[in-house]
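A look at the structure
Listed below are the residues making up each chain.
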Amino acid sequence: MSTRVRAITVSALILTIVLVGCARQPSVTSMAAAPSPLRDSERPVVDEGRQKIVVAERPEPATFAENANEKPIYFDFDRYEIRPGDAKTLEADAAWLRTNDVLILIEGQCDERGTDEYNIALGDRRARATMNGLVAQGIAADRMSTVSYGKDRPVCTEHTEACWALNRRAHIVVKPRG
């Protein structure tokens, strides 16, 4: 009986390997998620078309500047959905962006709670949610880039809920095209 069980187990294992095969290596769709030995300023952004890959340089965040017309979008704790009140702010931001030909960098930021890795991922989701909201408002996606700073760039350093709420945001900075 033991030999028969062993033979069935080995056969099942071989059959599984044949049917599953080797896993394909996933294609990189977000440079934020892909580890790279390059610094952020050297890391290319890849857009895949049907038959070709277009490589564009990732913009240097330091070349963008704040604009008084662009207000931050704030988020609830551990969330990346845009709240109804902040949707109105996003509409106002989009209205200004539609009338000004600028490149846009959306910085996703978090409060100090949570691990570095978790906050980088959450900041990325916040920046992407803001970008998707702007696209829905008619802003061309090719004008926008996102970056996540996680908890590394707080606007408030007190250890209070009010301060943490100010740090949970997507911050929009711009620079002229060209």
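Right, let's walk through the structure included here. Everything quoted here is computed from the prediction, not taken from an experiment.

Quick notes on helix α2 (residues 84–99)
In this model, α2 (16 residues) spans 24 Å end to end at C-alpha, consistent with the 22 Å of a helix rising 1.5 Å per residue. Three or more residues of α2 are buried, namely D86, L90, D93, A94, W96 and L97. Seen end-on, α2 carries its buried residues on one side only, within an arc spanning 165°. Away from its buried face by more than 90 degrees, α2 exposes P84, K88 and T99. At its buried positions, α2 is contacted by β3 (73–74), β4 (102–109), α3 (116–136) and β6 (169–176).

Section: unusual backbone geometry
Located in the positive-phi region is D78, a residue other than glycine, with phi close to 60°. You can see D78 is positioned in the loop between β3 and α2. A relative accessible area of 36% means that D78 is categorised as partly exposed.

Considering the pattern of salt bridges
If you walk through the whole model with that rule in mind, you get nine salt bridges. Among the ionic pairs, E161 bridges to R168, the shortest N-O distance being 3.2 Å.

Concerning the packing of aromatic side chains
One pass over the structure, following the stated rule, counts zero aromatic pairs. Over the face of the ring belonging to Y149 we find R153, whose NZ or CZ atom lies 3.8 Å from the ring centre.

Comments concerning the nonpolar core
One broad trend across soluble globular proteins is that nonpolar side chains are buried collectively. Counting residues in each nonpolar core, the largest one holds 17 residues, and the members touching the most others are L97, I104, I106, L134, I139, M144 and V174. Elements supplying a minimum of two residues to this core: α2, β4, α3 and β6. Looking at this core, the element that brings in the most residues is α2, giving four residues. F64, L105, Y149 and V173 belong to the second-largest nonpolar core, a separate cluster that totals five residues.

How each quantity is defined
- Residues numbered from 1 in each chain as written.
- Predicted model: local features only at pLDDT ≥ 70, side-chain atom pairs only at ≥ 80, totals over all residues.
- Heavy atoms only, no water.
- Helix = DSSP H or I, 4+ residues; strand = E, 2+ residues; numbered from the N terminus.
- Expected span 1.5 Å × (residues − 1).
- Buried < 20%, exposed > 50% of the residue type's maximum accessible area, 1.4 Å probe, protein only.
- Arc of directions from axis to C-beta.
- Contact = heavy atoms within 4.5 Å.
- Salt bridge = Lys/Arg side-chain N within 4 Å of Asp/Glu carboxyl O.
- Phe/Tyr/Trp six-rings, centres within 6.5 Å; stacked < 30°, edge-to-face > 60°.
- Lys NZ or Arg CZ within 6 Å of the ring centre and 35° of its normal.
- Core = buried A, V, L, I, M, F, W, Y, C linked by side-chain atoms within 4.5 Å.

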